[in-house]
Amino acid sequence: MPLYGADGDQRVRIPQPAAPRDAVRVPRPGAGPWDPAARHTRHLRLRLADPARRGEARRLLALVLDLPPLPGADPAVLIAEVPDGRRAVDVLIELAWSGIEVDEFALEAGA
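We now turn to the structure provided with this report. (Residues numbered from 1 in each chain as written. Predicted model: local features only at pLDDT ≥ 70, side-chain atom pairs only at ≥ 80, totals over all residues. Heavy atoms only, no water.)

1. A closer look at helix H1 (residues 54-65)
- End to end, H1 covers 16 Å across 12 residues, agreeing with the expected 16 Å (1.5 Å per residue, within 8%).
- All of the buried residues in H1 are Arg 54, Ala 57, Leu 60, Leu 61, Val 64 and Leu 65. Buried residues of H1 fall within an arc of 125° about the axis and therefore sit on the same side. Opposite the buried face of H1, by more than 90 degrees, sit the exposed residues Arg 59 and Leu 63.
- Tucked into the core, H1 has its buried residues touching strand E3 (42-48), strand E4 (77-82) and helix H2 (85-97).
- Remark: Asp 66 follows H1 within two positions and exhibits a positive phi of approximately 65°. (Helix = DSSP H or I, 4+ residues; strand = E, 2+ residues; numbered from the N terminus. Expected span 1.5 Å × (residues − 1). Buried < 20%, exposed > 50% of the residue type's maximum accessible area, 1.4 Å probe, protein only. Arc of directions from axis to C-beta. Contact = heavy atoms within 4.5 Å.)

2. Regarding the environment of Glu 81
- Examined against the element boundaries, Glu 81 turns out to sit in strand E4.
- Residue classification places Glu 81 among the partly exposed residues on the basis of a relative accessible area of 33%.
- Expressed as a C-alpha distance, the spacing of Glu 81 and Thr 41, which sit 40 residues apart in the sequence, is 6.6 Å.
- Beyond its immediate chain neighbours, meaning those up to four positions away, Glu 81 contacts Thr 41, Arg 42, His 43, Leu 65 and Leu 67.

As structure tokens, this is what we get:
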């Protein structure tokens, strides 16, 4: 459908695909992609079956997530900050391929 401008030139309206309803977000004033409040971090909590393999698991988590896991008091527990659930799955897959058994894990929303 041609549209005519004030100076007589023809302009064509190009249809744009509609965004899905769940993808529409209303931005907060002052919030941008670099705003710390806009980032949603999660913590992956792992309990290793063999605490003696903690060092190997820490190195593996640091390689997969590009940052080391947080220190914990329990030698069998590792806590790592993950940006999303897919990266948490990547960690579990890498641990399984390396033969490091995990007794339990939890993905918790960070503050």
